[in-house]
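What follows is the residue order along each chain.
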Amino acid sequence: KGEICGYIGTNGAGKSTTVKILTGVLEFDSGQVFINDIDVKKDPFEVKKIIGYVPETVNLFNSLSPKEYLEFTGTIRDIDSKVLKKRIENFSEMFDLTELLNESIGNLSKGNKQKVLITSALLHNPDVIFFDEPLNGLDANTIFVFHDLVSFLISKKKTILYCSHLLNTIEKVSSKIILLDKGKIV
């Protein structure tokens, strides 16, 4: 708790595969995976309740607006409607999305889609957060906002696995670093 583990490696090293296994998105053949003492294979729904996941590739419902998508996400996460409304407002202000909340996601830039994705991963205030190349498409100002957010999450004792191929970014934010090369921890 309260630490960021940087997870770095070249493209194709296996970072995203690892994160997909840890989050229960991808099946694995051997070994065990526990998130906060919860077995990912035996109790995937309980794991998903406590994690937030920003995947490498943005996959959103393009026909929905950011507001509709975030309300949908909040409903699935069983967030009280008043709390959800406030969280959407707060994240929208932080990421400068307020003017875009009712636009179609399909018409948003890559960076604005990434902001919606990050927001949806954090709406339910997860204990464990997986960021897989979270800076994809973000402008310089939003990157600073994002790193301030990460610092805030660490101050709230969240556990973060931050995957990237950008060593300089990982070095700045991580308390631990794991280097992956061809599927092996170096």
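See the structure shown above.
Throughout what follows, the structure given in this document is the object of discussion. (Residues numbered from 1 in each chain as written. Predicted model: local features only at pLDDT ≥ 70, side-chain atom pairs only at ≥ 80, totals over all residues. Heavy atoms only, no water.)

### Re the environment of Phe 146
And then number 1: Tracing the backbone shows Phe 146 in helix H6 (residues 140–155).
And then number 2: Residue classification places Phe 146 among the buried positions, given a relative accessible area of 0%.
And then number 3: Separated by 12 residues in the primary sequence, Phe 146 and Pro 134 have C-alpha atoms spaced 8.9 Å apart.
And then number 4: Sequence-distant contacts of Phe 146, defined by excluding residues within four places in its chain, comprise Ile 118, Phe 131, Pro 134, Leu 135 and Tyr 162. (Helix = DSSP H or I, 4+ residues; strand = E, 2+ residues; numbered from the N terminus. Buried < 20%, exposed > 50% of the residue type's maximum accessible area, 1.4 Å probe, protein only. Contact = heavy atoms within 4.5 Å.)

### Overview of the pattern of salt bridges
And then number 1: As enumerated under the stated definition, the model contains three salt bridges in all.
And then number 2: For Glu 46, the salt bridge is made with Lys 49, and the minimal N-O distance between the two is 2.8 Å. Of this pair, Glu 46 and Lys 49 both sit in helix H2 (residues 44–50), three residues apart, which is roughly one turn of that helix.
And then number 3: When the shortest N-O distance is used, the salt bridge between Lys 158 and Asp 127 registers 3.8 Å. One end of the pair, Lys 158, is in the loop between H6 and strand S6 (159–164); the other, Asp 127, is in the loop between helix H5 (110–122) and strand S5 (128–132), with 31 residues separating them in the sequence.
And then number 4: On the basis of relative accessibility, which here comes to 6%, the residue Lys 158 falls in the buried class.
And then number 5: Owing to a relative accessible area of 37%, Asp 127 belongs among the partly exposed residues under this scheme. (Salt bridge = Lys/Arg side-chain N within 4 Å of Asp/Glu carboxyl O.)

### Remarks on the nonpolar core
And then number 1: Grouped together as the largest cluster of nonpolar side chains are 33 residues, with contacts concentrated most on Ile 118, Phe 131, Ile 160 and Tyr 162.
And then number 2: Elements with a minimum of two residues in this core: strand S1 (4–9), helix H3 (66–76), helix H4 (81–94), H5, S5, H6 and S6.
And then number 3: Excluding anything up to four places from it in sequence, Ile 118 contacts Val 54, Phe 95, Pro 134, Leu 138, Phe 146 and Leu 149.
And then number 4: Listed in part, the 20 residues of the second largest apolar core include Tyr 7, Ile 35, Val 47 and Cys 163. (Core = buried A, V, L, I, M, F, W, Y, C linked by side-chain atoms within 4.5 Å.)

### Focus on the packing of aromatic side chains
Aromatic rings in a pair are described by how distant their centres are and how their planes are angled relative to each other.
And then number 1: Within this structure, the stated rule accounts for six aromatic pairs.
And then number 2: Geometrically, the ring pair formed by Phe 61 and Tyr 69 is tilted, given 6.1 Å between the ring centres and 50° between the ring planes.
And then number 3: Overall, Tyr 69 belongs to the buried group, its relative accessible area being 10%.
And then number 4: Look at Phe 91 and Phe 95: their rings are 6.4 Å apart centre to centre, the planes differ by 20°, and that puts the pair in the stacked class.
And then number 5: We classify Phe 91 as buried; its relative accessible area is 10%.
And then number 6: Taken together, the ring pairs in this structure connect Phe 61, Tyr 69 and Phe 72 into an aromatic cluster.
And then number 7: Residue placement shows Lys 41 over the ring face of Phe 28; its charged tip is 4.2 Å from the ring centre. (Phe/Tyr/Trp six-rings, centres within 6.5 Å; stacked < 30°, edge-to-face > 60°. Lys NZ or Arg CZ within 6 Å of the ring centre and 35° of its normal.)

### A short note on the side chain of Ser 92
And then number 1: Looking at the secondary structure, you find Ser 92 in helix H4.
And then number 2: Residue Ser 92 is classed as buried on the basis of its relative accessible area of 2%.
And then number 3: Polar contacts involving the side chain of Ser 92 include one to the main-chain carbonyl oxygen of Ile 88, which spans 2.7 Å.
And then number 4: In this view, Ser 92 contacts Leu 97, Thr 98 and Leu 101; residues no more than four positions away in its chain are not counted. (Polar contact = N/O pair within 3.5 Å; in protein donor to acceptor, adjacent residues only side chain to side chain.)

### A short note on the packing of H5 against H6
And then number 1: Taken N-terminus to C-terminus, the directions of H5 and H6 make an angle of 10°; their axes are 13 Å apart at the nearest point. In terms of orientation, H5 lies roughly parallel with respect to H6. When H5 is examined against H6, the residues Lys 115, Ile 118 and Leu 122 are found in contact with a partner set consisting of Thr 142, Phe 146, Leu 149 and Leu 153.
And then number 2: When the residues that make up the contact of H5 with H6 are grouped by side-chain class, the tally is five nonpolar, one polar and one charged. (Axes fitted to C-alpha atoms, helices over the stretch in contact; angles between N-to-C directions. Parallel < 35°, antiparallel > 145°, perpendicular 65-115°, else oblique. Nonpolar A, V, L, I, M, F, W, Y, C, P; charged D, E, K, R; others polar.)

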